[in-house]
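Read off the chains here:
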Amino acid sequence: MPQGSIPRVEEPPRVLGFGDMVGARVRELRLFALFFLAGLLALVGLLIVLVALRGASPSEIVERLPRFVRWILRNPLSYFLAAVPYLLSIVGRSLRRAHRRGGARALAAAFATRVALPTAAIAALGLGYRAYRHEAPVPWSHDAEARNESGRAQNLFARDGKMRGMNLVAGRRLGEAALLPLLRDNVEWISITPFGWQERLAGTVIETNGEAGYWSESDSGIVELTRLAHARGMRVALKLHLWVTDGGHGGGGKLAEIDPGSPDGWRAWFASYRSFLLRYAALAESADVDLLMIGAELTRATTKHPGEWRALIAETRRAYHGPLTYAANWYEEAEGIEFWDLLDFIGVQAYYPLAERAGADRAELERGWAAPLATLERLHARWGKQVLFTEVGWKSTADGAVRPWEWPEDSSQLLSRVSTRAQADAYEAFFRAVWPRPWFAGAYFWKWYGRHERAGGTGDPDFTPQNKPAEAVLARGFAAAAEEAR
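Heads up: these notes are all about the structure in this document. This is a predicted model, so every value here is computed, not measured. (Residues numbered from 1 in each chain as written. Predicted model: local features only at pLDDT ≥ 70, side-chain atom pairs only at ≥ 80, totals over all residues. Heavy atoms only, no water.)

1. Brief notes about the overall build of the protein chain
Selection criterion: A helix here means a DSSP run of H or I that spans at least four residues, while a strand means a run of E at least two residues long, and both kinds are numbered starting from the N terminus. When accessible area is computed with a 1.4 Å probe and restricted to protein chains, residues below 20% of their type maximum are described as buried, those above 50% as exposed, and intermediate ones as partly exposed. Note on areas: these come from Shrake-Rupley sampling with a 1.4 Å probe, and a residue is covered only by the protein chains present in the view. For the purpose of charge, His is not counted, nor are the chain termini; Lys and Arg are scored as positive and Asp and Glu as negative. Taken as the charge location is NZ of Lys, CZ of Arg, CG of Asp or CD of Glu.
Scanning the protein chain from N- to C-terminus turns up 14 helices and 11 strands. Structurally, the protein chain occupies a C-alpha span of about 115 × 55 × 40 Å along its principal axes. A total of 486 residues make up the protein chain; the buried ones form 49% of that total. When the accessible area of the protein chain is evaluated, it comes to approximately 23,400 Å², of which 59% is carbon and sulfur surface. On the protein chain, the mean spot of the 59 positive side-chain charges and the mean spot of the 54 negative ones are 7 Å from each other.

Rendered as structure tokens:
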């Protein structure tokens, strides 16, 4: 020891008492609450920005702010996203402690083990999952002879009375050019879906979009899309649909199970639905919409309360003077409705299971239509009305025809393999088995996105046929059916 130096006395490590540990936990909980609240507020802000970009006015945003908050609080994914800032703060603090204790070398080691390696492992799992799910590219091309390059509808409906339709959705404003890919595929009817928002399955209040939803679902979007479609010789259907905001597609539970639970509750629900329906009936009349679908998939409401629907239809006829239908769920509802006599078509959301196994070939899918067609033919015979598929479609997955009603995002679809070939086979089977039926009034396929160049494509499991082999089948099917009707 050098002369004159003072010996360094190391202090023993401090032993944390119970109070210290409780205090540390309380501070950590406060930090978590702060970050979590900031994450939730950021999600609300993001929703507001997205809605504002779609053209909603400040008053519309303020009016629907409670709906945004309810949706976030009832969506499990929101809680994970809100926790991300706190998780990042944990990683950041651990890296800072490593640097304080051991300098740059310790920081590099901590970064490798706590950030780089987990990120690489997640990326490897993601690539492996992608390789498992995705198919090899399927060669396909458009049939030039089947396509309509004129830029206008050819009025194929006048030849055979069948609607060649597509359910169109557009988050942002579209111009006339967005309709050209539809026309090339011989699609001459588009269906637009404005939503009514109901808080719970047992709720009795239905709110409307106004200008706050997707552009194609907003009042101004409906009016402008109808004008653009008519300018190209196309026709427009307006399909009213409810969305239950407690999370999930359709949403948060099956629309079939909406039930206020008491006679008074049903009276309140029908009063609210009446306002919702008549509001859009007036809009459809003023916009010169060509077909109005007065509701969708409300099995308990339609089959248990036919009298109320008869009254609604009578009022709707006074507000809107075009043809009417209702979009009944394929499962039980279509057969249970007792007011088809008051409507112009028997509308069906036709997500029938056509196969029992993934990878079913085209012949098997055609046979799968036998039982549904027998049911639909009985409905036609009983009511004397043509049958219209208000929705029909299949995901681009190998098992898309097994459970067509499931969304690609559903947990049951996580291990389903992408197959654009299987989707194309389902379209082929439809045009062979269903389309030629004389009592069949046409179909609206689910679904078509407004920005065609970005939609669908190889590797996409979604319902859309855009930029997939099914798109070529669609164009050929619509064109061939028209040729046969000449």
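2. Describing empty space enclosed by the protein
Put simply, the rule reads: Definitions used for this entry: grid spacing 1 Å over protein atoms alone; cavity, a set of points where a 1.4 Å probe fits but cannot get out; pocket, an open set with protein on both sides within 12 Å along at least 5 of 7 lines; lining residue, one with an atom within 4 Å of a point. Grid points are joined across faces, edges and corners, and a volume is the space filled by probe spheres set on the points.
The tally for this structure, following the rule as stated, stands at one cavity of 30 Å³ or more. In this model, the largest cavity occupies a volume close to 70 Å³. Forming the walls of the largest cavity are 16 residues, and the residues nearest its centre are Ala360, Leu365, Ala398, Ala401 and Ala422. No other element matches the three residues that helix 13 (residues 420-433) contributes to the lining of the largest cavity.

3. Topic: helix 13
Quick reminder of the rule: One less than the residue count of a helix, multiplied by 1.5 Å, gives the span that helix is expected to have.
Look at helix 13: 20 Å from first C-alpha to last across 14 residues, which is about the 20 Å you get at 1.5 Å a residue. With 12 of its 14 residues buried, helix 13 lies for the most part within the structure. Along helix 13, the residues that are buried comprise Thr420, Ala422, Gln423, Ala424, Asp425, Ala426, Tyr427, Glu428, Ala429, Phe430, Phe431 and Ala433.

4. Describing the pattern of salt bridges
Quick note on the threshold: Whenever a carboxyl oxygen of Asp or Glu lies within 4 Å of a side-chain nitrogen of Lys or Arg, that contact is scored as a salt bridge.
On inspection of all chains with the given rule, the structure shows 23 salt bridges. Where Arg279 meets Asp219, a salt bridge forms, and the shortest distance between an N and an O atom there is 2.5 Å. Taken together, the residues span a long stretch of sequence, with Arg279 in helix 7 (residues 263-287) and Asp219 in helix 6 (residues 219-231) at a distance of 60 residues. We classify Arg279 as partly exposed; its relative accessible area is 29%. Two residues, Arg403 and Glu406, come together in a salt bridge whose shortest N-O distance is 3.0 Å. Taken together, the salt bridges that share partners define one network made up of Arg147, Asp185 and Glu471.

5. Observations regarding the packing of aromatic side chains
Quick note on the threshold: A pair of Phe, Tyr and Trp rings is counted when the ring centres sit within 6.5 Å of each other, with Trp represented by its six-membered ring. The angle between the planes then sorts it: under 30 degrees is stacked, over 60 is edge-to-face, the rest tilted.
In the structure shown here, the tally under the stated rule is 44 aromatic pairs. Taking the centre distance of 5.7 Å and the plane angle of 80 degrees together, the rings of Trp266 and Trp269 count as edge-to-face. Residue Trp266 and its partner Trp269 are both found in helix 7; the two are separated by three residues, about one turn of the helix. Looking at Trp266, the relative accessible area reads 8%, which means it is buried. Ring centres of Phe339 and Trp340 lie 6.4 Å apart, and the angle between their planes is 45 degrees; on these two criteria the pair is classed as tilted.

6. What to know about the pairing of strand 8 (residues 324-329)
Using the following cut-off: A pair of strands is considered paired only if DSSP assigns at least 2 bridges between the two.
Of all six residues making up strand 8, six are buried, and the element is well covered by its neighbours. The two faces of strand 8 match: Leu324, Tyr326 and Ala328 on one face and Thr325, Ala327 and Asn329 on the other face are all buried. Relative to strand 8, strand 7 (residues 291-296) runs parallel, the two being bridged by three bridges. By the bridge assignment for strand 8, Met293 is matched with Thr325. Pairing geometry for strand 8 and strand 9 (residues 346-349), over three bridges, is parallel. Following the sheet pairing, Asn329 is matched in strand 9 by Gln349.

7. Structural notes on the sheet that holds strand 9
Each strand in a sheet pairs with its neighbour through backbone hydrogen bonds, running either in the same direction (parallel) or in the opposite one (antiparallel). Convention followed: In this analysis, axes come from line fits to C-alpha atoms, helices being fitted only over the stretch in contact, and the angle between any two N-to-C directions falls in the range 0 to 180 degrees. Contacts are residue-level and defined by heavy atoms, with any inter-residue pair within 4.5 Å sufficient.
Taken in spatial order, the eight strands close into a barrel running 1-2-5-7-8-9-10-11, and their pairing is parallel. For this sheet the average axis-to-axis angle between neighbouring strands, irrespective of direction, equals 25 degrees. Running over the sheet, helix 6 touches strand 1 (163-169), strand 2 (189-192) and strand 5 (235-239) and is turned about 180 degrees from strand 2. Lying over the sheet, helix 7 contacts strand 5 and strand 7, oriented at roughly 165 degrees with respect to strand 7.

8. Some details on the sheet that holds strand 6 (residues 241-244)
Strand order in the open sheet formed by three strands is 4-3-6, and the pairing between neighbours is mixed. The open sheet has two edge strands with one neighbour each: strand 4 (206-208) and strand 6. The average undirected angle you get between the axes of adjacent strands in this sheet is 35 degrees. Pairing geometry for strand 3 (residues 195-198) and strand 4, over three bridges, is antiparallel. Each residue of the ladder has a partner; that of Gln198, found in strand 4, is Ile206.

9. Here we look at the side chain of Asp462
With respect to the helices and strands, Asp462 occurs in the loop between strand 11 (440-449) and helix 14 (469-485). For Asp462, which is buried and forms no salt bridge, the nearest opposite charge comes from Lys447, at a distance of 5.3 Å. Not counting residues up to four positions away in its chain, the partners in contact with Asp462 are Trp394, Lys395, Ser396, Pro408, Gln423, Lys447, Tyr449 and Lys468.

10. So, the nonpolar core
So the rule is basically this: Nine residue types can take part in a nonpolar core, namely buried Ala, Val, Leu, Ile, Met, Phe, Trp, Tyr and Cys, and a core is a set of them joined through side-chain atoms within 4.5 Å.
By size, the foremost hydrophobic cluster in this structure holds 95 residues, and its most contacted members are Trp269, Trp309, Phe389, Phe430 and Phe445. Among the elements that make up this core, the one with the highest residue count is helix 7 (11 residues). When neighbours within four sequence positions are excluded, Phe445 is seen to be in contact with Gly165, Met166, Asn167, Val392, Trp394, Tyr427, Phe430, Phe431, Leu474 and Phe478. Among the nonpolar cores identified, the runner-up in size contains nine residues, and Leu291, Leu388, Ala441 and Tyr444 belong to it.

11. Digging into a nonpolar patch on the surface
The criterion, for reference: For patch building, the residue pool is restricted to those with more than 30% relative accessible area and no salt bridge; the joining distance is 9 Å between like charges and 5 Å between nonpolar side chains (Val, Leu, Ile, Met, Phe, Trp, Tyr).
Taken together, the side chains of Leu77, Phe80, Leu81, Leu87 and Ile90 define a hydrophobic patch exposed on the protein surface, amounting to about 450 Å² of accessible area. Following the sequence through the fold, Leu87 ends up in helix 3 (residues 76-133). By relative accessible area, Leu87 is classed as partly exposed at 43%.

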